[in-house]
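Observations on the three-dimensional arrangement
Below, each chain spelled out in residue letters.
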Amino acid sequence: MQITAAAERTIDAPAAHVYDLIRDFRQHHPQFLPPQFSDFEVESGGVGSGTVHRFRMTLGGRTADYRVRVGEPQPGRVLIESDCSRRMLTTFTVDPEPYGRTRVR
């Protein structure tokens with residue numbers, strides 16, 4: 001079974017700055033995770049491609065542990081988190097918008 005979820009938001013900040021915040025798993029990324037995420041811990045790396053981190057996520061009353069590896073197939077624009085044991089892939093896409101704004105998907 002494949003489950004797909006999507007969200008996007010326009011942020012009033014330049015794309016390069018927004019991307020840098022998303023790829024910083026030590027300082028910034030944990031700060032914007034929703035409350036369903038807990039026990040976030042960086043195992044190795046910490047910024048961008050090659051980072052490995054783990055967390056717990058609770059959805060529908062069920063809690064599961066995840067261990068993911070970060071990749072940057074398009075550095076500065078696309079960042080992915082993958083957990084091969086669960087066949088899970090999260091993709092962050094950062095695109096500049098007019099007037100110094102950024103759309104994140």
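The structure we're discussing is the one just above.
For the structure given in this document, a descriptive report is provided here. What you are looking at is a predicted structure, and each value in this text was computed from that prediction instead of being measured. (Residues numbered from 1 in each chain as written. Predicted model: local features only at pLDDT ≥ 70, side-chain atom pairs only at ≥ 80, totals over all residues. Heavy atoms only, no water.)

Once that is clear, we can look at the packing of aromatic side chains. One pass over the structure, following the stated rule, counts two aromatic pairs. Summarising the aromatic geometry, the rings of Phe 37 and Phe 55 are spaced 5.1 Å apart at their centres and angled 50 degrees between planes, so their arrangement reads as tilted. Taken together, the residues span a long stretch of sequence, with Phe 37 in strand S2 (residues 37-44) and Phe 55 in strand S3 (residues 52-59) at a distance of 18 residues. Accessibility expressed as a relative area gives 6% for Phe 55, which makes it buried. The interplanar angle of 15 degrees and the centroid separation of 5.2 Å between the aromatic rings of Phe 55 and Tyr 66 together place this pair among those described as stacked. (Phe/Tyr/Trp six-rings, centres within 6.5 Å; stacked < 30°, edge-to-face > 60°. Helix = DSSP H or I, 4+ residues; strand = E, 2+ residues; numbered from the N terminus. Buried < 20%, exposed > 50% of the residue type's maximum accessible area, 1.4 Å probe, protein only.)

Looking at chain direction, strand S5 (residues 78-83) and strand S6 (residues 88-96) are connected through six bridges and run antiparallel. Counted as the bridge partner of Asp 83 is Met 88 from S6. Between S5 and S6, which pair antiparallel one after the other, the connecting turn spans four residues, and Arg 87 there sits at a positive phi close to 55 degrees. Direction of pairing for S6 relative to strand S7 (residues 102-104): antiparallel, over a ladder of three bridges. For Val 94, the partnering residue across the bridge sits in S7 and is Val 104. (Pairing = 2+ DSSP bridges.)

Ranked by size, the top nonpolar core spans 12 residues in total: Ala 13, Ala 15, Val 18, Tyr 19, Ile 22, Phe 25, Val 42, Val 70, Leu 79, Phe 92, Val 94 and Val 104. When contributions to this core are tallied by element, the ones reaching two or more residues are helix H1 (15-22) and S6. The leading source of residues in this core is H1, at four residues. For Ile 22, the contacting residues outside a window of four places in its chain are His 29, Phe 32, Leu 79, Phe 92, Val 94 and Val 104. With five residues, the next largest nonpolar core counts Phe 55, Met 57, Ala 64 and Val 68 among its residues. (Core = buried A, V, L, I, M, F, W, Y, C linked by side-chain atoms within 4.5 Å. Contact = heavy atoms within 4.5 Å.)

The next thing to look at is the side chain of Asp 83. When you line up the elements, Asp 83 lands in strand S5. Overall, the relative accessible area of 3% leaves Asp 83 in the buried class. Within the local environment of Asp 83, its side chain forms a polar contact with the side chain of Ser 85, the two groups lying 2.6 Å apart. (Polar contact = N/O pair within 3.5 Å; in protein donor to acceptor, adjacent residues only side chain to side chain.)

Take the pairing of S5 next. Here strand S4 (residues 62-74) runs beside S5; their pairing, made up of four bridges, is antiparallel. Bridge pairing links Arg 69 to Ser 82 in S5. Counting the residues in the hairpin turn of S4 and S5 gives three residues, including Gly 76, whose phi is positive at 90 degrees.

With that out of the way, let us pick up the pattern of salt bridges. Enumeration over the complete set of coordinates arrives at 10 salt bridges. Taking the shortest distance from any N to any O, the salt bridge between Arg 56 and Asp 65 comes out at 2.7 Å. A relative accessible area of 32% places Arg 56 in the partly exposed class. The exposure class assigned to Asp 65 is partly exposed, which follows from its relative accessible area of 45%. The partner of Arg 103 in a salt bridge is Glu 97, with the nearest N and O atoms 3.6 Å apart. Look at Glu 97 and you get partly exposed, because its relative accessible area is 30%. (Salt bridge = Lys/Arg side-chain N within 4 Å of Asp/Glu carboxyl O.)

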